[in-house]
Amino acid sequence: MRNKVTLLTAALVVFYLLVLIGWHLYDPTTHFTEAVPGADHRPEGHTRKADDVLIGEFFMKEEATASTPSKGEEQGSLKGEWPCFRGANRDNQVAKPSDTLILKEVWTVETGEGHASPAISEGRVYVLDYDEQLSSDVLRCFDLPTGKPLWRRWYRVPMKRNHGFSRTIPAVWQDFVVTIGPEGHVMCCNKHTGDLLWTIDMKKRFGTEIPFWYTGQCPLIDNGALVLAPAGKDTLMLGVDVTSGETLWGTPNTVGFKMSHSSVMPMTFAATPTYVYVGVGGVCGVSAQTGQQGQLLWSATKWQPSVVAPSPLQISPSQVFLVAGYGAGGALLQVSKSGSAWKAEVLDAYKAAEGMSSEQQTPICHNGTLITILPKDGGGMRERLAMYTPGNIHTPIWTSAADERFGLGPYMMVGDMLFALKEDGELFVYRVGTSSMTLLKRQRVMEEGIDAWGPMAYADGYLMVRDSKTMKCLAAVSAGGLNDK
């Protein structure tokens, strides 16, 4: 019996040894055929590398287009504009009669997960969405009064969710609409037809390092020039002709800044138009003066948070208010000129609990006051609305009540009223005075709002709001309904 067991064991050892030797000797590639160009019958020019993105490659007119009035018909009566981030004057304010309130829902549309907000022009709404099923950035165009989809243009750019995907607001100018996608893809289309005009890949062209939470920089169009801050290895900022896509000017990145989530803002110092940008590494001013565009005028590196979402805010002819989240707090920058020499100096810098600050939204400068929502690390007044004066950014002159906290929600001025959207979708309306605000109304406009962080947009009596997965259009009604709850 023992001999039989020994023989069986030896046989199994020999068998598995032969299998192992055969596995090493076998060549599976003997049945392979060589892959040569054209063998898979793919049309010429359609071969792509893994990281290739063909910006704007797909287009579709929506079914609703056939029943939607064309340009110059019904839409022609809608003249209101919210053409870019923070509106036409880039101050997040619109002048409207003081008896206007926004209360009635007109239409709603589901979106991809994100915080991108719309621009409005000539009765049309433009939003750069993200479609997870298609793994694509999608520029969507809607009819403002009805919400009917008109057209969409998209391109594949696979990404992983990171507090959603989309972040930015399109810029509309004349017949053009320009977008910047989460991965830094710039696309220019005809705003009426959706025809693709030109594109820029900032990562490939400039070596831009996309921020951790994707691109938050909104496009700026100034007198026909698209101003971008790729903050790449060699190029800090550049101007692009919107009509052609050709580069007009460029600013060498001698300061070594990297791209932040902040946007470029136009300001004026010493009668010189200037583009101000807060990058990772500091803040800078680039000339927008005709004949001198692109010249780096000044920079300051004393205040340089690692994460910056709000944009710089000019609060006096020579001062800029800077703010960032994650404990960075705020800073006051003084810009001056002596002869041909410029100087930028940080006069004051403090933590979030020590003065005016904000984590995500850009504050508002209104009638000599500064309005903000304090961040989560803002001490006992965290997440409340607060008013300050430019002369004292450490002590508020007014704050909202303890139960009026807004998280990272947006806010804007409509006439003399402030609209503030709590991040769970509840809308608050305040009458703004010289040193305080009076709560007029609060109304839930999103039933179960989640992360309603995207900036609002207003035109022709319509207010656009959104949370992470839904965009709504609300219509204006008179202030006679103020007592309606």
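Nothing here was measured: the structure is a model prediction, and the numbers come from that model.

> It is not clear to me how the pattern of salt bridges should be interpreted in this structure. Could you clarify?
Note on pairing: side chains with opposite charge can pair once their charged atoms come close. Enumeration according to the criterion identifies 15 salt bridges in this entry. Residues Asp-52 and Lys-204 are paired through a salt bridge, measuring 3.0 Å at the closest nitrogen-oxygen approach. Of the two residues, Asp-52 is situated in the loop between α1 (2-25) and β1 (58-61) and Lys-204 in helix α2 (residues 202-206); the sequence distance between them amounts to 152 residues. Between Glu-383 and Lys-376 there is a salt bridge; the shortest N-O distance is 3.9 Å. Residue Glu-383 is classed as buried on the basis of its relative accessible area, which comes to 17%. Residue classification places Lys-376 among the partly exposed residues on the basis of a relative accessible area of 42%. One network of salt bridges, with partners in common, ties together Glu-113, Glu-132 and Arg-161.

> How should I be thinking about the layout of surface pockets in this particular structure?
Empty space among the atoms becomes visible once a probe the size of a water molecule is rolled across them. In this structure, the largest pocket spans a volume of roughly 610 Å³. In terms of lining, the largest pocket is formed by 29 residues, of which the most central are Arg-167, His-261, Ala-309, Gln-360 and Gln-361. Residue composition of the lining of the largest pocket, by class: 14 nonpolar, twelve polar and three charged.

> Is there a simple way to think about the nonpolar core in this case?
Most often, soluble globular proteins have nonpolar side chains that are buried together. Among the nonpolar cores identified, the biggest contains 43 residues, and Leu-139, Phe-269, Val-283, Trp-298, Leu-322 and Leu-333 are the most heavily contacted of them. In this structure Val-283 touches Phe-257, Val-276, Tyr-277, Val-278, Trp-298, Ser-299, Ala-300, Leu-322 and Leu-333, once residues within four positions along its chain are discounted. Ranked by size, the runner-up nonpolar core spans 36 residues in total, among them Phe-142, Ala-457, Met-464 and Met-471.

> Honestly, empty space enclosed by the protein in this entry has me stumped. Any pointers?
Counting across every chain of the model gives three cavities of 30 Å³ or more. Lining the largest cavity, in full, are Cys-84, Phe-85, Arg-90, Cys-218, Pro-219, Leu-220, Ile-221, Ser-263, Val-264 and Met-265. Residue classes in the lining of the largest cavity are distributed as eight nonpolar, one polar and one charged. In this model, the second largest cavity occupies a volume close to 50 Å³.

> When you look at the sheet that holds strand β22 (residues 319-324) in this model, what are you seeing that I'm missing?
In a beta sheet, neighbouring strands are held together by backbone hydrogen bonds and run either parallel or antiparallel to one another. Pairing is antiparallel across the open sheet formed by four strands, whose spatial order is β21-β22-β23-β24. In this open sheet, the two edge strands, each paired with only one partner strand, are β21 (313-316) and β24 (341-350). With strand direction ignored, the average angle separating the axes of adjacent strands in the sheet is 30°. Taken together, the six bridges between β22 and strand β23 (residues 329-338) define a ladder with antiparallel strand orientation. Looking at the pairing, Gln-319 lines up with Gln-334 of β23.

> Whenever I open this one, the pairing of strand β18 (residues 272-279) confuses me. Can you help?
For a regular strand, side-chain orientation follows a simple rule: the groups alternate between the two sheet faces. Buried residues dominate β18, accounting for seven of its eight residues. As judged from the five bridges shared by strand β17 (residues 265-269) and β18, these two strands associate in the antiparallel manner. When the bridges of β18 are listed, Thr-268 appears paired with Pro-273. Counting the residues that bridge the hairpin from β17 to β18 gives two residues, and of these Ala-270 lies at a positive phi of roughly 50°. Here β18 pairs with strand β19 (residues 282-287) via six bridges, running antiparallel. Along β19, the bridge assignment pairs Val-276 with Gly-285. The hairpin formed by β18 and β19 contains two residues between the paired strands, and Gly-281 there has a positive phi angle of roughly 130°.

Reading the values: rules and limits
- Residues numbered from 1 in each chain as written.
- Predicted model: local features only at pLDDT ≥ 70, side-chain atom pairs only at ≥ 80, totals over all residues.
- Heavy atoms only, no water.
- Salt bridge = Lys/Arg side-chain N within 4 Å of Asp/Glu carboxyl O.
- Helix = DSSP H or I, 4+ residues; strand = E, 2+ residues; numbered from the N terminus.
- Buried < 20%, exposed > 50% of the residue type's maximum accessible area, 1.4 Å probe, protein only.
- 1 Å grid on protein atoms, 1.4 Å probe; cavity = no way out; pocket = protein on both sides within 12 Å on 5 of 7 lines; lining within 4 Å.
- Points joined across faces, edges and corners; volume = space filled by probe spheres on them.
- Nonpolar A, V, L, I, M, F, W, Y, C, P; charged D, E, K, R; others polar.
- Core = buried A, V, L, I, M, F, W, Y, C linked by side-chain atoms within 4.5 Å.
- Contact = heavy atoms within 4.5 Å.
- Pairing = 2+ DSSP bridges.
- Axes fitted to C-alpha atoms, helices over the stretch in contact; angles between N-to-C directions.

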